Amino acid sequence: MQISKVAIIGAGTMGASISVAVASAGYEVYLRDVSPDALEQGLKKIDKMFQSLIRKGLAAEEAQSRKDRIHPVTQYQQLENVDLVIEAVLEKIDIKQAVFRELERVCRADTILATNTSSLSITEIAACTSRADKVIGLHFFNPAHLMKLVEVVPALQTSEKTCIQALEFAQSLDKLAVRVEECASFLVNRLLGRYMGEALWCLQEGLATVSEIDKAVNDYVMPLGPLALRDMNGADIGLAVAKFNFQEYGERFRPAPLLERMVEKNWLGQKTGKGFYLYDPETGKRTVANSAVTELISSSEKSKAQFKVQHLFLPMINEAFLALQEHVCAAEDLDPALMAGLGMRRGPLALAEEMGLKTCLEETEKLFNTYGERFRPAPLLKRYVRAGKNSIKGADRELATI
């Protein structure tokens, strides 16, 4: 089946952005939401995205041509001839399952049904249909029309043919399409969660200030510090994701109590004007670090350890080895995915090689002896060090034997 017509369910920020990405690649897009008002709001978002692209150099005529490929619809029945559907509604399993039941009712039997969920089980969504082999995850990163990564996540029931078609479609959008086997938070957000969590623990333990942590990370490898990023995404969202990962993965994902205290204070970041930083109420721009954050930390929680920026990335590196051990992705895809999805200048495996795998293990073991499960070394990392390796090159062949 050749894909030419694509439906997007949900005209919110992600649905609008995905529509721009898909229409820009030459596909006819049918953007569906529950009401004309919701669609109108979505089309306004799309207009703003195209205006931004024009300011960056896109010809106005080309922008109009792309926009003309986006067709607003309110009825599921209008999607009966599409080749691919991408669902981008609220992150609630019951709402998504209801959408997929409607899609199954109206779409052709060969239509691929994709979800843009960032964390929910693709397998559970697929199980509510009688065509689970056609269901797959296409996890775009926000903003979808600019970010280069798409995680392609098959359900347990997804056919290999559907997976290949989904990978080819994502590649046709000029994206890096990475196949990721289903796990909580998938690949990039799973590894991001370990690094973001450690930054909070570092702050809570008094090892460095908000500004020191973010500057060190900027200088080292990231385009935006973890605490500025947490403010951008919202502490309430961050806490919900952290609790979800803690439930799924256990102790190493335990959220720092500081995050919950900030949510209780309604210090959520940019949207409330106060988080790890303070924000100008008129412009919304970041001004200075929020010095009151330290008041939420008791003296008994503080540590006398020395701050090292590399220690923020040891949990991410360790999680990368756990993901490889679980065959979540191909080893060769891991660093490109993190670089495309997070803007890292070097991926976690490159950082591990730069530090030295033996040093990574030794440092992680020291921290494990101090902090416990947050730093329990991945068995695969131990195996590489015991084998005298300092590179994961050729790891896909080696991992095939595990």
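Calculation criteria
- Residues numbered from 1 in each chain as written.
- Predicted model: local features only at pLDDT ≥ 70, side-chain atom pairs only at ≥ 80, totals over all residues.
- Heavy atoms only, no water.
- Core = buried A, V, L, I, M, F, W, Y, C linked by side-chain atoms within 4.5 Å.
- Buried < 20%, exposed > 50% of the residue type's maximum accessible area, 1.4 Å probe, protein only.
- Helix = DSSP H or I, 4+ residues; strand = E, 2+ residues; numbered from the N terminus.
- Contact = heavy atoms within 4.5 Å.
- Disulfide = S-S within 2.5 Å.
- Phe/Tyr/Trp six-rings, centres within 6.5 Å; stacked < 30°, edge-to-face > 60°.
- Lys NZ or Arg CZ within 6 Å of the ring centre and 35° of its normal.
- Pairing = 2+ DSSP bridges.
- Axes fitted to C-alpha atoms, helices over the stretch in contact; angles between N-to-C directions.
- Polar contact = N/O pair within 3.5 Å; in protein donor to acceptor, adjacent residues only side chain to side chain.
- Expected span 1.5 Å × (residues − 1).

Novice: In this structure, what is going on with the nonpolar core? I would like to understand it.
Specialist: Nonpolar side chains tend toward joint burial in soluble globular proteins. Membership of the largest hydrophobic core comes to 104 residues, with the highest contact counts inside it found for Leu187, Phe276, Phe313 and Phe321. Counting residues per element, this core draws most heavily on helix 12 (residues 309–325), at 11 residues. Excluding anything up to four places from it in sequence, phenylalanine 276 contacts Leu200, Leu203, Val210, Leu227, Arg230, Asp231, Leu258, Met262, Ala289, Asn290 and Val293. The next biggest cluster of nonpolar side chains, apart from the first, holds 38 residues, and it includes Ile8, Ile18, Leu31 and Ala63.

Novice: Where do I start with the state of the cysteines in this structure?
Specialist: Structurally, a disulfide amounts to a covalent bond that connects the sulfur atoms of two cysteines. Scanning the entire structure with this criterion turns up 0 disulfides. The thiol sulfur of cysteine 163 is not disulfide-bonded, and the nearest other cysteine sulfur, from cysteine 329, lies at 13 Å. Since its relative accessible area comes to 1%, cysteine 163 is described here as buried. Residue cysteine 183 stays outside any disulfide, its sulfur separated by 9.0 Å from that of cysteine 329, the closest cysteine.

Novice: Explain the packing of aromatic side chains to me, please; I cannot follow it from the model alone.
Specialist: A ring pair, where both rings are aromatic, is described by two values, the distance of the centres and the angle of the planes. A full pass over the atoms with the stated rule returns 6 aromatic pairs. One aromatic cluster is present, formed by Tyr195, Tyr220 and Phe313 through successive ring pairs. Against the face of tyrosine 371 rests arginine 374, its NZ or CZ located 4.5 Å from the ring centre.

Novice: What should I look at first to understand the sheet that holds strand 1 (residues 5–9) in this one?
Specialist: Sheet strands pair by backbone hydrogen bonding; their relative direction is either parallel or antiparallel. Spatial ordering of the open sheet is given by 3-2-1-4-5-6-7-8, a layout of 8 strands whose pairing is mixed. Edge positions in the open sheet fall to strand 3 (70–73) and strand 8 (176–179), since each of these has one partner strand only. With strand direction ignored, the average angle separating the axes of adjacent strands in the sheet is 25°. Pairing of strand 4 (residues 84–87) with strand 5 (residues 112–115), which is carried by 4 bridges, proceeds in the parallel orientation. In the sheet register, isoleucine 86 faces strand 5, and the bridge partner there is alanine 114.

Novice: For this particular structure, what's the right way to read the environment of histidine 311?
Specialist: The residue histidine 311 is located in helix 12 in this model. The sequence separation of histidine 311 and serine 52 amounts to 259 residues, and the corresponding C-alpha distance is 38 Å. Beyond its immediate chain neighbours, meaning those up to four positions away, histidine 311 contacts Glu198, Glu363, Leu367 and Phe375. A distance of 3.0 Å separates the side chain of histidine 311 from the side chain of glutamate 363, its partner in a polar contact.

Novice: Mind showing me how you'd approach helix 6 (residues 160–172) here?
Specialist: Along an α-helix, a turn takes 3.6 residues, which lines up residues three or four apart on a common side. Look at helix 6: 18 Å from first C-alpha to last across 13 residues, which is about the 18 Å you get at 1.5 Å a residue. The first or second residue beyond helix 6 is aspartate 174, which carries a positive phi of 65°.

Novice: Would you explain the side chain of glutamate 205 in this entry?
Specialist: Checked against the element boundaries, glutamate 205 lands in the loop between helix 7 (188–204) and helix 8 (210–220). A distance of 3.4 Å separates a polar atom in the side chain of glutamate 205 from a polar atom in the side chain of tyrosine 371. Beyond its immediate stretch of four places on either side in the chain, glutamate 205 contacts Glu301, Lys302, Ser303, Tyr371 and Arg374.

Novice: Even after reading the chapter, I still don't get the pairing of strand 10 (residues 286–289), so can you show me in this structure?
Specialist: Each regular strand displays side chains that alternate between the two surfaces of the sheet. Summarising the sheet, strand 9 (residues 277–279) and strand 10 pair through 2 bridges and their orientation is antiparallel. Among the inter-strand pairings, tyrosine 279 is bridged to a residue of strand 10, identified as arginine 286. As consecutive antiparallel partners, strand 9 and strand 10 are separated by 6 residues, and within that stretch glycine 284 has a phi angle of approximately 75°, a positive value.

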